[in-house]
Amino acid sequence: MESKIEILSTVTLEQSPDLYKIVDALNRTLKHKDLMFGLALDQEDKEKAIFTIYRT
């Protein structure tokens with residue numbers, strides 16, 4: 001059984017301490033729709049975060 005993850009959208013935005021709360025709420029609310037949300041610190045600019053939406 002092969003699991004395929006597709007990137008739907010990626011956005012770079014200003015880093016904020018509470019961004020993870022939004023990502024957590026989205027993941028809990030929309031996992032039944034086969035959506036997953038990710039948040040990562042931009043490696044080139046530590047003041048930026050990268051928000052990604054995936055279809056699982």
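Residues numbered from 1 in each chain as written. Predicted model: local features only at pLDDT ≥ 70, side-chain atom pairs only at ≥ 80, totals over all residues. Heavy atoms only, no water.

Participant: In this structure, what is going on with the sheet that holds strand 2 (residues 35–41)? I would like to understand it.
Facilitator: Backbone hydrogen bonds hold the strands of a sheet together, and the pairing may be parallel or antiparallel. Reading across from one edge, 1-3-2 is the order of the 3 strands in this open sheet, with antiparallel pairing throughout. Of all strands in the sheet, those with a lone pairing partner are strand 1 (6–14) and strand 2, marking the two edges. Each strand axis lies, on average, 20° off the axis of its neighbour in the sheet, ignoring direction. Judged from the 8 bridges that link them, strand 1 and strand 3 (residues 48–55) form a sheet pairing that is antiparallel. Across the sheet, residue valine 11 finds its bridge partner in strand 3, namely phenylalanine 51. Here helix 1 (residues 19–30) sits on the sheet in contact with strand 1, strand 2 and strand 3, set at roughly 165° to strand 2. (Pairing = 2+ DSSP bridges. Helix = DSSP H or I, 4+ residues; strand = E, 2+ residues; numbered from the N terminus. Axes fitted to C-alpha atoms, helices over the stretch in contact; angles between N-to-C directions. Contact = heavy atoms within 4.5 Å.)

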